[in-house]
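Descriptive structure summary
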Amino acid sequence: VLSYWGPMWLAQFCMGFNAGADGKIPNPTFGDWDFCAAPVSFFWGGTWITASKYDNQKATTADIMRYFTIDSTSMAKMAADGQFVNNVPVMTTVANDTTFSVNILGGANPIGLMLQEAMKIDVSTVTGNDQAINGLWTSIVTSYTQGDIKTVADAKAQFITDCADVLA
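To keep things clear, this report deals only with the structure shown in the data block. (Residues numbered from 1 in each chain as written. Predicted model: local features only at pLDDT ≥ 70, side-chain atom pairs only at ≥ 80, totals over all residues. Heavy atoms only, no water.)

An α-helix turns once every 3.6 residues. As a result, residues three or four positions apart point the same way. Along helix α4 (residues 88–95), the residues classified as buried are V90, M91 and V94. Relative to the axis of α4, the buried residues are bounded by an arc of 95° and lie together on one face. In α4, those exposed residues whose orientation departs by more than 90 degrees from the buried face are P89 and T93. Where the residues of α4 are buried, they touch α3 (72–80) and α5 (111–118). If you check the start of α4, you find a side-chain oxygen 2.9 Å away from the backbone N of V90, and it comes from N87. (Buried < 20%, exposed > 50% of the residue type's maximum accessible area, 1.4 Å probe, protein only. Helix = DSSP H or I, 4+ residues; strand = E, 2+ residues; numbered from the N terminus. Arc of directions from axis to C-beta. Contact = heavy atoms within 4.5 Å. Polar contact = N/O pair within 3.5 Å; in protein donor to acceptor, adjacent residues only side chain to side chain.)

In structure tokens form, the structure reads like this:
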């Protein structure tokens, strides 16, 4: 068994499962993959949209932002295109749609499971330091795997020290 853990776009854009413009499928394992819940619920990333304080068309900008973030009609279009949007009723509709399928998953509809897992996410521990801490973790793990840090205990101690510096 081979597995990759990541969001749906990982398969589409990073693993080469998206069909080319000519309709040919570039990956011979297209459709042979499946989908399951991760061992623990998590989230990573998101899409950011912002406007400049110098924007001279604030009303139009606000309309655009609402279209991409809270408009149910546009979110339904994005969901139909395979995006997981931040609208529970829209995603529930897609999850229950027996005609919705994802080709890279052999025609399965993973949205029900994705929605179920998304509802378990606990954002109460999210902080503005998370990205910095994730970067520290990656750095420490890399140093350990390359032999620069000799023991797990040393890696843990270094991580705690580095986190304390970030949080100070």
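Turning our eyes to something else, we now look at the environment of N103. Within the secondary structure, N103 is located in the loop between α4 and α5. Contacts of N103, omitting those with residues within four sequence positions, involve F30 and G31.

Let's shift gears to the nonpolar core. Counting 13 residues, the largest nonpolar core has A79, V85, V90, M91 and I111 as the members making the most contacts within it. Sorting the residues of this core by element identifies α3, α4 and α5 as the ones contributing at least two each. Residues within four places of A79 in sequence aside, it is in contact with V85, V90, M91, V94 and F100. Counting residues in each nonpolar core, the second largest holds six residues, with I149, A155, F159 and C163 among its members. (Core = buried A, V, L, I, M, F, W, Y, C linked by side-chain atoms within 4.5 Å.)

Another aspect to go through is the pattern of salt bridges. One pass over the full model with this rule turns up two salt bridges. In this structure, R66 and D63 form a salt bridge, with 2.8 Å as the shortest nitrogen-oxygen distance. Of the two residues, R66 and D63 are both situated in helix α2 (residues 58–69); the distance of three residues between them amounts to about one turn of the helix. Judged by its relative accessible area of 41%, R66 falls in the partly exposed class. Here K120 makes a salt bridge to E117, at a shortest N to O gap of 3.0 Å. Residue classification places K120 among the partly exposed residues on the basis of a relative accessible area of 48%. By relative accessible area, E117 is classed as buried at 14%. (Salt bridge = Lys/Arg side-chain N within 4 Å of Asp/Glu carboxyl O.)

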